Amino acid sequence: MSNHRAAVIGASGRIGALLRAASRAEPAEHIKITWQFRAPPPDPKTGFHWPDLTDPQPLIHEAARRGGLDALLVFAGVSQTGRKDDPAEMKANVEIVDAAISAAQSAGISKLIVASSSAVYGAGMGCPFVETDTLHPLNAYGAAKMEMEALCARRADALGLEICCLRIGNVAGADMLLGNAMARASGDAPLRLDMFPDGEGPRRSYIGPLSLFRLLCALIVTDQPLPSVLNLGARHPVSMNALLEAAEEPWTAVPVSASGHQNIALNCTALFDICPQVRVGDTAADIVAEWQRLRGVL
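First things first, this report covers the structure right here in the doc. (Residues numbered from 1 in each chain as written. Predicted model: local features only at pLDDT ≥ 70, side-chain atom pairs only at ≥ 80, totals over all residues. Heavy atoms only, no water.)

**Notes on the side chain of Ser-116**
Part 1: Along the chain, Ser-116 turns up in the loop between β5 (111-115) and α5 (140-159).
Part 2: Classification of Ser-116 by relative accessible area gives buried; the value is 5%.
Part 3: Contact partners of Ser-116, with chain neighbours within four places excluded, come to Lys-145, Met-148, Glu-149, Cys-165, Leu-166, Arg-167 and Ile-168. (Helix = DSSP H or I, 4+ residues; strand = E, 2+ residues; numbered from the N terminus. Buried < 20%, exposed > 50% of the residue type's maximum accessible area, 1.4 Å probe, protein only. Contact = heavy atoms within 4.5 Å.)

Put into structure tokens, the structure is as follows:
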């Protein structure tokens, strides 16, 4: 297999930091990755400084330094720092991707993999979402990601680029549940978790950070044309109580009545049709183990 070269925008964000840790824990064969930082990179051998995405020159220079780049992965955004109900703040998620597409074209990169979100779907409907389902985002964050996907489709068609938007569920360690649990002190009150009449908590599509990295590497190297959108998560949803138990995090149940919000999951059949051989952790224990393995090298 020939070597591939890729750049990742957003190396210092929550998901970006986990991906960098994953790349150190399990270096990808046949793929050389360079990481974008808004500040000077901690290691210039593996990263580059690109503070303003509207200026394509740093990416052009980095592509030349690496002998060309086969793919650009866009994982920058304001989902963690911004207010998800503020349309003005969430607009940045569209603008960042628009600038990245223009820069990629200038740098001669024809393949982009862009982080979208399962938030584009809205509330659960009783069965896992598929990519052809109608989108009904519930907040400004989901609406901005929906607008971003439409932008990607238009620009891919106009420029002849391959742009795939990944509708990602929850990434263990970058999510609100496990990510916040990591920051809790030992004396803090237990987390409160809704529990439904079937004795289970909310069920969501999760992915461990190592599995995410493996899947991204597979999408980089595949010769199969990628669709405009792909759901991304493990093969089966997991309950949040199972995640907390696997992480040995204390929690207390809050009984609630039956609700459509218990099951909000993704059907990832299309993803695994493209990446059938990728090793992915599917259970709560697998997902938590991946997160815990990387915590020590973040």
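Next, the rest of the story.
**Examining the pairing of strand β4 (residues 71-74)**
Part 1: Residues Ala-71 and Leu-73 line one face of β4 and the alternating positions Leu-72 and Val-74 line the opposite face, and both faces are buried.
Part 2: By the bridge criterion, four bridges tie strand β1 (residues 4-9) to β4 in an arrangement that is parallel. What sits directly across from Val-8, in β4, is Leu-73.
Part 3: Two elements, β4 and β5, share three bridges in a ladder whose sense is parallel. In the strand pairing of β5, Leu-72 is matched with Leu-112. (Pairing = 2+ DSSP bridges.)

**Things to note about the packing of aromatic side chains**
Part 1: As enumerated under the stated definition, the model contains two aromatic pairs in all.
Part 2: When the centroid spacing of 6.2 Å and the interplanar angle of 25° are considered together, the rings of Phe-48 and Trp-50 count as stacked. Side by side, Phe-48 and Trp-50 carry an identical accessibility label, which is buried.
Part 3: Taking 4.5 Å as the distance between ring centres and 5° as the angle between the ring planes, the aromatic pair formed by Tyr-121 and Phe-129 counts as stacked. Here Tyr-121 and Phe-129 have matching classes, each one buried.
Part 4: Lying across the ring of Tyr-141, Lys-84 places its NZ or CZ 4.5 Å from the centre. (Phe/Tyr/Trp six-rings, centres within 6.5 Å; stacked < 30°, edge-to-face > 60°. Lys NZ or Arg CZ within 6 Å of the ring centre and 35° of its normal.)

Purely spatial values, then, with no claim about function.
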